Amino acid sequence: MKQYVKDFAIVVSAVSSVAIVLALFGGFPLFSAVIALVGLSLIVAQRLKALQQDSAESVSPIQATQSDNEQIKTSLQEVTTALADTSSEAVNDLTKVISTQEDAVDTLTAAFGRFSQLSHQQQQVIEDLITFGDNHEISYIDKIHDFAVQTGKTIDTFIEVTTFTSTSLNALTEQVNKITAEMPEVVKALHDIDQIASQTNLLALNAAIEAARAGEAGRGFAVVADEVRALSNRSSTFSESIQRKLAEINRQVDAINVSVHKIADQDFSFVEDIKQHTHQVLDEILAKSEQDAKNANSLNALAQELEQAINSAIRGLQFGDINGQHLIYIKKILDFTSNGLKRCHASGTHQMLSNYQNFVADLSQLRQQTNNPVSSSSMSSGSVELF
Amino acid sequence: MAKSILVVDDSVSIRQMVEATLKGKGYMTTTAADGQAALDLCQNQKFDFVLTDQNMPRMDGLSLIKSLRQMAAYRTVPIVMLTTEAGDDMKAKGRAAGATGWMVKPFDPTKLLEVAAKVLG
């Protein structure tokens, strides 16, 4: 009797171990059922221990052996059936978990894949927006900055030239005024020349008269007097011609004077207004381009952060593959346990014991032969080795 | 011309993740769900780089590497294992089979791209 009880105790211990294994491998849904089975196994084990003590003090060992044997056998079969059924249910549950997990991870992966693709496209559009050239080597921001700086310089040069022109016009006006002021002096001098010519003419006339009075002796002098008169007339003619030319020049100078005054009288203060306004706008453009450059840098930084976040998501999402392999391994062990326990039932006690021992040995062998393919226990990046 | 990469894994999500990572950097990718499907593809096409899982139905990664190394066209093509297996014995088997490198899942996309860039020269 004692030997039988010991053997059953070993078997119950094995069943308890299987139940504990299930508790360790099984997920949350299995936990309660497995705990109940562990409890049931422990109760049977306690009962066996009590029977061991009772049998030691028993008065009628044969009767006790038959009765206890049946009781233990029934209890064990109940435990085995319950464990097999629970394992079977666990396998079904795991199949559903694996399926839903795969579905969820596939959906999430597709979403993140699309997200990654859109992020790359967005980055491309931003690059197109802020750069140009065959290789996006030129920045619009730099170009606008250069344009603004160059335009500022051009405006400054234009204003300098305009101011210089205005100042020069004033000087020109003064010079024209001086010329105009000189004109009456020249005209007066020409009148003096006219007067001299007239007096010379009169003097020549008197000389001619005196020459005539002198007769033959004054003939030569009469010729000289005629020449002097001719010179006097030519002087008058030149003087008139010069006066006409001077009158024309005077008219032209007046016209220039009017024109120069018109230009010089223009209000050049608008140039200063243009300068101030243009520089204000250019400063705004420069400030905007600097802000755009900062924004472009921020966009680049954001794009990098986004890429890192997507990379982290991709790394994290691999739990689907990793846990899937865990679950498939657990499912295999549970499946084996369920089928193995079902095969343990037998009508004869010896056969039943043998079945249990075989099952425990097979389970042990399976666990030795089948390794869990997953080695990582966190979602941090795995090692990389190039041979 | 963009480099072509064959991605071999029985997990749909891993294939998608690896493809998204590599395509983002301009690589051309083709996928296979197991070693046998990959081997069939390699009979008709020369890829520049093969990235394969170990545990797959029909044909595992080590067997795929051994078969590819028998083919003249794939004697020097880089083949990197991407797997959950991290044991030294498995790595030794991979090296003996002709693997170029060994990456343990989960992979980091940046590291995967670094490996691709390195083995593709």
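These numbers were taken from a predicted model, which means no experiment stands behind them.

About the cut-offs
- Residues numbered from 1 in each chain as written.
- Chains lettered and ligands numbered in written order.
- Predicted model: local features only at pLDDT ≥ 70, side-chain atom pairs only at ≥ 80, totals over all residues.
- Helix = DSSP H or I, 4+ residues; strand = E, 2+ residues; numbered from the N terminus.
- Contact = placed C-beta atoms within 7 Å.
- Buried ≥ 20, exposed ≤ 12 C-beta atoms within 10 Å, placed from the backbone.
- pLDDT = per-residue confidence, 0-100.
- Nonpolar A, V, L, I, M, F, W, Y, C, P; charged D, E, K, R; others polar.
- Pairing = 2+ DSSP bridges.
- Core = buried A, V, L, I, M, F, W, Y, C linked by C-beta atoms within 7 Å.

Chemist: Quick question: what am I supposed to make of the overall build of chain B here?
Modeler: Looking only at helices and strands, chain B features five helices and five strands. Along the chain direction, N to C, the helices and strands of chain B fall in the order β-α-β-α-β-α-β-α-β-α. When contacts within chain B are restricted to residue pairs at least 6 apart in sequence, those whose partners lie at least 24 apart make up 60%.

Chemist: Honestly, the environment of proline 78 of chain B in this entry has me stumped. Any pointers?
Modeler: Residues and elements named next belong to chain B. Mapped onto the elements of the fold, proline 78 is located in the loop between helix 3 (61-70) and strand 4 (79-83). Assessed through the 21 C-beta atoms surrounding it within 10 Å, proline 78 is described here as buried. For the pair proline 78 and alanine 99, spaced 21 residues apart in sequence, the C-alpha separation works out to 7.4 Å. Here proline 78 is in contact with Phe49, Thr100 and Val119, once residues within four sequence places are set aside.

Chemist: Is there a simple way to explain the confidence of the model for chain A in this structure?
Modeler: Low pLDDT means the predicted atomic positions in that stretch should not be read closely. Chain-level statistics for chain A give a pLDDT mean of 80 and a share of 83% at 70 or above. Within chain A, the element-level pLDDT minimum falls on helix 2 (residues 28-57) of chain A, averaging 53, and the maximum on strand 3 (residues 384-386) of chain A, averaging 89.

Chemist: I keep staring at the interface of chain B and chain A and nothing clicks. Help me out?
Modeler: With 31 residues of chain B at the interface, the matching set in chain A holds 30 residues. Those elements that provide at least two residues to the side of chain B that touches chain A are helix 1 (12-24), helix 4 (88-97), strand 5 (101-104) and helix 5 (109-119) of chain B. No other element matches the eight residues that helix 1 of chain B contributes to the side of chain B that touches chain A. Of the residues assigned to the side of chain B that touches chain A, the class counts are 13 nonpolar, eleven polar and seven charged. Pairing geometry for strand 3 of chain A and strand 5 of chain B, over three bridges, is antiparallel.

Chemist: Help me understand the nonpolar core in this model?
Modeler: Burial of nonpolar side chains together is a common tendency in soluble globular proteins. Ile5, Leu51 and Val80 of chain B are the most contacted members of the largest nonpolar core, which has 39 residues in total. Of the residues forming this core, the biggest block, five residues, is contributed by helix 1 of chain B. Residues Leu83, Ala84, Cys344 and Phe359 of chain A belong to the second largest nonpolar core, which totals nine residues.

Chemist: Explanation requested: unusual backbone geometry in the structure shown.
Modeler: In terms of backbone geometry, most residues other than glycine have negative phi values and most peptide bonds are trans. Residues and elements named next belong to chain B. With an omega of 0 degrees, the peptide bond between lysine 105 and proline 106 qualifies as cis. Note on placement: proline 106 falls in the loop between strand 5 and helix 5. The backbone of arginine 58 shows a phi angle near 65 degrees, a positive value even though the residue is not glycine. Structurally, arginine 58 is set in the loop between strand 3 (49-52) and helix 3.

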